[in-house]
Amino acid sequence: MNRSKLIRFTHGACISLKELPCLDFTEFRESLLEEIAGDGRVASFFAMPADDGFDLYAILAHDWREEFALLHCRVGDVYPALTPDCPQLHLFEREIAEQYGVLPEGHPWLKPVRFHNSWVDAADIWRRDPQQHPIPGDMDFYRVEGAGVHEVAVGPVHAGVIEPGHFRFQCHGEEVLSLEISLGFQHRGLEPQLIGGPHPASIHQMEAAAGDTTIGHTTAYSQVLESLAGVEVASRAYSVRAIALELERLANHIGDIGAMAGDVGYLPTASFCGRLRGDYLNLTAELCGSRFGRGLVRPGGVAFDLDLPLQEKLLQRLAVLEPETRGAVELCFDSPSVLARFEGTGRLSTDDAETLGLVGVAARACGLMRDARLHHPVAEREFDTPVIDTDGDVFARGNVRRQEIYASHDLIRDLIKRLPEGEDQRSLGPLAADSLALSVCEGWRGEVVHVGITDGAGKLARYKIVDPSFHNWSGLAMVLRGQQISDFPLCNKSFNLSYCGFDL
Amino acid sequence: MLNMIRERLRQGHRTGKFPRQEPSLPERFRGLPEVAANLTHPQINVAVNGCPFNALSEINGKMQIDLGRCIFCADCPAVAEGALSFSRDYRLAASHRDDLRYGDDIYRLADKLNERMLKLFGRSLKLRQVSAGGCNACEADLNVLGTLVYDLGRFGIQFVASPRHADGILVTGPVTENMKSALLDTYAAIPEPKLVIASGACAIGGGPFRDCAEVNNGIGELLPVDLYIPGCPPHPFTALDALLRLLGKR
Ligand code: SF4
Ligand code: SF4
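Residues numbered from 1 in each chain as written. Chains lettered and ligands numbered in written order. Predicted model: local features only at pLDDT ≥ 70, side-chain atom pairs only at ≥ 80, totals over all residues. Heavy atoms only, no water.

### Section: the overall build of chain A
Spelled out, the test is: We count a stretch as a helix when DSSP gives it H or I for four or more residues in a row; a strand needs E for two or more, and each element gets its number in order from the N terminus. Only protein chains enter the calculation, and the probe is 1.4 Å; a residue is then buried if its accessible area is under 20% of its type maximum, exposed if over 50%, and partly exposed in between. The contact criterion used throughout is that any non-hydrogen atoms of two residues lie within 4.5 Å. Residues counted as positive are Lys and Arg, residues counted as negative are Asp and Glu, and His and the chain ends are not counted. Charge coordinates come from a single atom per side chain, which is NZ of Lys, CZ of Arg, CG of Asp or CD of Glu.
From N to C terminus, chain A includes 16 helices and 15 strands. Along the first, second and third principal axes, the C-alpha set of chain A runs to 70 × 60 × 45 Å. Residue burial in chain A is summarised as follows: out of 504 residues, 64% are buried. Here the analysis covers contacts within chain A between residues at least 6 apart in sequence; of these, 66% occur between residues at least 24 apart. In chain A, which carries 46 positive and 72 negative side-chain charges, the distance between the mean positions of the two groups comes to 3 Å.

### Let's talk about the interface of chain B and chain A
Heads up, the rule is: Summed over both partners, the accessible surface that disappears when two parts come together, traced with a 1.4 Å probe, is what is meant by buried area. By salt bridge we mean one thing: a side-chain nitrogen of Lys or Arg within 4 Å of a carboxyl oxygen of Asp or Glu. Here a polar contact is taken to be a pair of N or O atoms separated by no more than 3.5 Å, where protein atoms must pair a possible hydrogen donor with a possible acceptor and residues adjacent in sequence count only if both atoms sit in side chains. Three residue categories are used. Nonpolar comprises Ala, Val, Leu, Ile, Met, Phe, Trp, Tyr, Cys and Pro, charged comprises Asp, Glu, Lys and Arg, and polar comprises the others, including Gly.
Contacts between the two partners involve 57 residues from chain B and, on the opposite side, 63 residues from chain A. Considering only the surface of chain B that becomes buried against chain A, Gln11(B), Arg28(B) and Asn178(B) emerge as the three largest contributors, covering 16% of it. Where chain B meets chain A, there are three salt bridges. Here Arg298(A) ties to Asp75(B) by a salt bridge, and the two come within 2.4 Å at their closest N and O atoms. For the pair chain B and chain A, the interface holds 23 residue pairs in polar contact (both at pLDDT 80 or more). Only helix 1 (2-11), strand 6 (125-131), helix 5 (137-143) and helix 6 (177-189) of chain B provide two or more residues apiece to the side of chain B that touches chain A. Considered class by class, the residues forming the side of chain B that touches chain A number 31 nonpolar, 13 polar and 13 charged.

### Brief notes about the site of ligand 1
Basically, it comes down to this: Residues are labelled near a given molecule or strand when at least one of their non-hydrogen atoms is within 4 Å of it.
The local shell around ligand 1 consists of Cys51(B), Pro52(B), Phe53(B), Ala55(B), Leu56(B), Cys70(B), Ile71(B), Phe72(B), Cys73(B), Cys76(B), Pro77(B) and Phe86(B). A class-by-class count of the residues in the shell around ligand 1 yields 12 nonpolar, no polar and no charged.

### Describing the side chain of Gln129(B)
Within the secondary structure, Gln129(B) is located in strand 6. Residue Gln129(B) is classed as buried on the basis of its relative accessible area, which comes to 1%. Side-chain polar atoms of Gln129(B) contact the side chain of Thr172(B), separated by 2.8 Å. Contact partners of Gln129(B), with chain neighbours within four places excluded, come to Gly160(A), Val161(A), Ile162(A), Glu139(B), Leu142(B), Phe159(B), Leu170(B), Val171(B) and Thr172(B).

### Some remarks on the sheet that holds strand 9 (residues 166-172) of chain A
Residues and elements named next belong to chain A. Rules: Note: two strands are recorded as paired if DSSP finds a minimum of 2 bridges between them. Here an axis means a line fitted to C-alpha atoms, over the contact stretch when the element is a helix, while the angle between two N-to-C directions is reported on a 0 to 180 degree scale.
Judged by pairing direction, the sheet is antiparallel, and its three strands sit side by side in the order 8-9-10 without closing on themselves. Sheet topology places strand 8 (149-154) and strand 10 (175-182) at the edges, where each strand pairs with a single neighbour. Averaged over all neighbouring strand pairs, the angle between strand axes comes to 20°, with direction disregarded. In terms of strand pairing, strand 8 meets strand 9 through six bridges, oriented antiparallel. Note that in strand 9 the partner of Ala-153 across the bridge is Arg-168. Of the strands in this sheet, strand 9 and strand 10 touch helix 14 (residues 468-479), which is tilted by about 160° from strand 10.

### Considering the domain arrangement of chain A
All names here are of chain A. Put simply, the rule reads: Domain delimitation in this document rests on an assignment produced automatically or drawn from a domain database.
Each domain of chain A was delimited in the assignment, giving domain 1 (3-127) and domain 2 (190-502). When each unit is reduced to the centre of its C-alpha atoms, the spacing between domain 1 and domain 2 is 26 Å. Summed over both sides, the interface of domain 1 with domain 2 buries roughly 3,200 Å², with 63% coming from carbon and sulfur. On inspection of domain 1 and its partner domain 2, the count reaches four salt bridges. Across the domain 1-domain 2 interface, the total number found is 18 residue pairs in polar contact (both at pLDDT 80 or more). Those elements giving two or more residues to the side of domain 1 that touches domain 2 turn out to be strand 2 (14-16), strand 3 (41-50), strand 4 (53-62), strand 5 (67-75) and helix 2 (90-100). For the side of domain 1 that touches domain 2, the element with the most residues is strand 3, which contributes eight residues. Of the residues assigned to the side of domain 1 that touches domain 2, the class counts are 23 nonpolar, eight polar and seven charged.

Okay, structure coming up:
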């Protein structure tokens, strides 16, 4: 392959679109498959309208080489689907079909993703009436026929205080033969909102892209703008963001372990963790006034300083919280009745995880070392103690969280100790015109990937968000195969994926 | 078993003393906004134009804030202008949409239900929660009310699984097009008489997604709202205070 046709870059680079070669589709396809075969994985894949057709962009991550590859080609309104050769693209191609009416011919599973009208004036792939808003969940679900086979439909409104989504199980008795997940109920149309921006409301919408990952999404968004503006974030702000990211991880991981314990009826850990989760959220609130980190991360830096008294307060509180956390968590991992339910339930093989392109906790629990903190730091690497498990079951996903909780405590202490002096906010100038920047942030679920493309005036012409849940919902559907339907809640909690992060 | 008991002793008793004792909130917490007195027209102008969500307006030469639209940004231009400041008062709930708009007057907090409704729901209120485009921060901080710190159950309030068992609906999120009919169906399935609670800036007025093509601007035009809980997201104490006020327990 002609290597010069492919751009390799590291996190933080700003790539001029004028220098970006446009491959013909065959070259694009071959290069992409070659990259995937050579240890690459899809970080982002999206389309953008061009004068004559659509530009396709593929961004592949090479984690151990700590770099990314960018491929670009132009297609009309139909092209041969890549999914049959590269299954991790299946949702990306469905997404493009839904957004722009571009047909990936031969896609084995071509269904709507979020149930919205096409963004451009194009024929609807599913021949729905363009004058009407599509009806969510209106698609052909996979069906199993036969004696004793029955279907269970759940949602969109669920039994608890949870986001909406639709789950369709094909069961034989208690056994699940297949689970299909249909989302889109939380679709707010985030990506089109950014076009012509950044707007004053944009940062606030990014904060609410997935509210439990506010720091993850705002950090990714800010890094995109910083790369496009050619501004390096102040080192103090970089560290404060990293601390906030770990606090977010702590709160969510602890909440998840509590929820998993609750699902198997182990109430001591469930209730201790429920309280502890709130205590970690309160630490974030000490920093920026909001338990979810609203207002902290801003393009150019952070809006709140971690001053000396606050540093001491955080360290003191952590010193109290850490042993309590260990106690609550170890209690459940020490309990044979809990382990009996965790071990072997909802198992995903390493191969399947790799094929589906899983990221984050779910990938690491299957033996895939994927952690953007380790592989793709935008500045100095501050993290070198990634956690991995190999069993791919509920236990492994819980165990990865448990070990990451302990690693986060150390990391926060270390970051506070080494917190650089200096400014925490730099002003951003105009964004570079006709450019592309990518940003990756290892949120608590996994990597949050944002890509921004500017037009000739330096305004955003396309903005692409990939929440880790976008990759990982397929993992949940996969582990349910052959599982008891009564294990669904536990499997679901062990993934704990975002609906709104997927739906955007 | 012994481990469990040992850990139970170490973790201690954590149920909060609220409402007997006021909560202590972080120093940087942003609660009830205060509009500065004697602002000049240009000052008001800068503040009003600086808000991305049109939460501020000028009425008869005075500035007014709409808590149904404000998302309590940390970098509010009106604050930089000296026109607005955030107090640490977490009590924000109101009974009427109009009460959410105020200037330098006193903010009117939510009233309790009328006699008949109080008789029905005062000692036992079951709510069905529907997330209609919420970002999951509102939902997460409502779930927190069930943890032992807040222990919602001790006030007779509970979130239930079926709308048939519910006395009211609590909505979060701006109501996406894709959730509109599920929301209305859930509401219809709740037996009369029923309450409607809008929790968070999104449910009240669309929040940060106000005027986005795929969302309705909250539930205001879809359902008759009995209680508004401002915030993005509302602090758990804000929500708890709101519910207790509704039941006349504060
Ligand atoms: S805090 Fe935000 S939403 Fe509220 S008035 Fe200020 S800018 Fe507007
Ligand atoms: S009000 Fe704020 S926190 Fe609540 S759902 Fe809307 S964006 Fe999220």
